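Single-letter residue listing:
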Amino acid sequence: MEIKKVGIIGAGKMGSEIALYIAYHGFEVVLKDVYKENLEKGLTNITNFIQDRKNKGRMTGDEADKILSKVKATLDYKDVRDCDMIIESVKEDLDIKREVFYILDNICPENVIFASNTSAIPITKIAAAVKRKDKILGSHFFNPVFLSRLIEVVPISGTSSVTINTVTNFFTAGLKKKIVTSKDGAGFIVNRLLVPFLNEAIILLDEGIATKEEIDRAAQLGMGLPMGPLALMDNLGLDLCLKVADIVHDEYKNERYHAVETIRKMVKENKLGVKTGEGFFKYKTE
Ligand SMILES: NC(=O)c1ccc[n+]([C@@H]2O[C@H](COP(=O)([O-])OP(=O)(O)OC[C@H]3O[C@@H](n4cnc5c(N)ncnc54)[C@H](O)[C@@H]3O)[C@@H](O)[C@H]2O)c1
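All of these numbers come straight from a predicted model, not from anything done at the bench.

Helix and strand counts for the protein chain come out as 11 helices and 8 strands. Relative to the globule expectation of 19 Å for 286 residues, the C-alpha radius of gyration of the protein chain, 19 Å, shows essentially globular dimensions. When the backbone C-alpha atoms are referred to their principal axes, the protein chain occupies close to 55 × 45 × 35 Å. The proportion of buried residues among the 286 residues of the protein chain is 47%. Within the protein chain, contacts between residues separated by at least 24 positions form 66% of all contacts whose residues are at least 6 apart in sequence.

Okay, structure coming up:
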């Protein structure tokens, strides 16, 4: 089986970027949200990105039009039924994700492959909502989708080898991404590495060992990372970082994943990072 048309459920930060990335690589995309306002915001993200590329001379007008013509936006589930694969990218909430897949499972033909872009929720828990256990897996894209090279692929015990091969072939040959395959388990590979690391950066700051700038500089120059841990949390959103830490901690009940109080306090104060104008650092809001 070959993937030619992809449905994306959730037109937020990740959903809109994934839709754009897939259309950019020449595939048809149907982007669906529940809220008109969020769907429009997602489409604006896509057109702004394309416009920016055009302005910088990295893309011709024809190329831009061709990419945009591949993206269809909808509020109606019916429009994703004829996709070969559907990637769910709604809020990091098990009940909402299960509800989305329950609906999809009931309306989509049996051959359609389902994938979740969850950051940390075990795919087996999400897959409990569907009958097609052979055609569901995790496909964890990273932020920002255009710059990051990796997708984590997370099959569950029932995922067929045909599904795994079809999806990995699409990601590598079609989307030009690298993949790593992880067994199912909260946080998969990257977020299990990341949660203790990000926590430790906040502990260093809390203990006054170094300034926030020094901590990020140490990680960038000493560990060769493109961005320091505090700036990274600001970019990901502190609410998402906390949510991921809580999911991983709840699953493994291990102290090394226990989110420190500072991040909980900052989330309560709406200091979520770039999106609210303040996190560990301050940002200009539009
Ligand atoms: N933000 C990141 O850096 C990042 C990175 C990797 C993975 N993820 C994961 O990707 C997923 C989406 O994250 P995000 O940051 O894009 O979230 P977001 O809040 O920006 O977007 C979520 C979108 O889903 C929509 N939505 C909610 N319920 C829906 C439903 N029932 N049907 C259709 N649309 C619905 C919302 O209206 C919103 O537009 C999460 O599982 C998150 O953990 C996020």
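Of all hydrophobic cores here, the largest spans 48 residues; its most connected members are Ile 86, Leu 104, Phe 114 and Met 233. Within the residue set of this core, elements represented by two or more residues are α4 (94-107), α5 (123-127), α7 (190-206), α9 (229-236), α10 (238-252) and α11 (261-268). With 7 residues, α10 is the single largest residue contributor to this core. Summarising the domain contributions, this core has at least three residues from each of domain 1 (5-181) and domain 2 (191-276). For Phe 114, the residues in contact, after removing those within four places along its chain, are Ile 86, Phe 101, Leu 104, Asp 105, Cys 108, Val 130, Arg 132, Lys 135, Ile 136 and Leu 137. Ranked by size, the runner-up nonpolar core spans 35 residues in total, among them Met 14, Leu 39, Ala 115 and Val 167.

The next thing to look at is the site of the ligand. Lining the immediate surroundings of the ligand are 25 residues, of which Asp 33, Asn 38, Glu 92, Lys 97 and Ser 119 lie closest. A distance of 3.0 Å is found between an oxygen atom of the ligand and a backbone nitrogen or oxygen belonging to Lys 13. Contact between the ligand and Asn 117: an oxygen atom at 3.0 Å from a side-chain N or O atom of the residue. In the complex, 84% of the free accessible area of the ligand, which totals 840 Å², lies under the protein chains. Here the shell around the ligand takes 3 residues from α4, the largest share from any one element.

Before going further, it helps to examine the state of the cysteines. Summed over the entire model, instances satisfying the criterion amount to 0 disulfides. The thiol sulfur of Cys 83 is not disulfide-bonded, and the nearest other cysteine sulfur, from Cys 108, lies at 7.8 Å.

Backbone hydrogen bonds hold the strands of a sheet together, and the pairing may be parallel or antiparallel. Pairing is mixed in the open sheet, where 8 strands are placed in the order β3-β2-β1-β4-β5-β6-β7-β8. The two strands at the open ends of the sheet, each matched to only one other strand, are β3 (71-74) and β8 (178-181). Averaged over all pairs of adjacent strands, the angle between their axes in this sheet comes to 25°, without regard to strand direction. Contacting β1 (5-9), β2 (28-32), β3, β4 (85-88) and β6 (136-141), helix α1 (residues 13-24) runs over the sheet at an angle of about 165° to β2. Here helix α2 (residues 36-55) sits on the sheet and contacts β2 and β3; the angle it forms with β3, its principal contact strand, is near 165°.

What follows deals with α4. One turn of the α-helix equals 3.6 residues, which is why residues spaced by three or four share an orientation. The end-to-end C-alpha distance of α4 is 20 Å, a good match for the 20 Å that 14 residues give at a rise of 1.5 Å each. By the burial criterion, the buried members of α4 are Lys 97, Val 100, Phe 101, Leu 104 and Asp 105. Summarising the axial view, the buried residues of α4 lie within an arc of 130°, below the 170-degree limit, and thus occupy one face. Turned more than 90 degrees off the buried face of α4, the exposed positions are Asp 95, Glu 99 and Tyr 102. Buried residues in α4 make contact with β1, β4, β5 (113-116), α5 and β6.

What counts and how
Throughout this description, residue numbers start from 1 for each chain and increase along the sequence as written. Per-residue local features of the predicted model are confined to residues with pLDDT of at least 70, and side-chain atom pairs are confined, for both listing and counting, to 80 or more; whole-chain, interface and lining totals are unaffected and use all residues. Heavy atoms from the whole structure form the basis of all side-chain values; hydrogens and water molecules are not counted. Counting from the N terminus, the helices are the DSSP runs of H or I reaching at least four residues and the strands are the DSSP runs of E reaching at least two. Computation of the radius of gyration draws on C-alpha atoms alone. For the globule rule, the value is 2.2 Å times the number of residues to the power 0.38. Each residue is placed in one exposure class: buried if its accessible area under a 1.4 Å probe, protein chains only, is under 20% of its type's maximum, exposed if it is over 50%, and partly exposed if it falls in between. We call two residues contacting when some pair of their heavy atoms lies within 4.5 Å. What we call a nonpolar core is a set of buried Ala, Val, Leu, Ile, Met, Phe, Trp, Tyr and Cys residues that are connected through their side-chain atoms within 4.5 Å. Just so you know, the domain bounds were taken from an automatic or database domain assignment. The nearness test applies per residue and asks whether one of its heavy atoms lies within 4 Å of the molecule or strand. In protein, a polar contact requires one atom able to donate a hydrogen and another able to accept it; more generally it is a pair of N or O atoms within 3.5 Å, and residues adjacent in sequence count only if both atoms are side-chain atoms. We get accessible surface area from the Shrake-Rupley algorithm with a probe of 1.4 Å; when it comes to residues, only the shown protein chains can shield them. Count a disulfide wherever a pair of cysteine sulfur atoms falls within 2.5 Å. At least two bridges found by DSSP between two strands is the condition for calling them paired. Angles shown run from 0 to 180 degrees and are taken between the N-to-C directions of axes, each axis being a line fitted to C-alpha atoms and, for helices, limited to the stretch in contact. One less than the residue count of a helix, multiplied by 1.5 Å, gives the span that helix is expected to have. Summarising the geometry, the arc corresponds to the directions from the helix axis toward the C-beta atoms.

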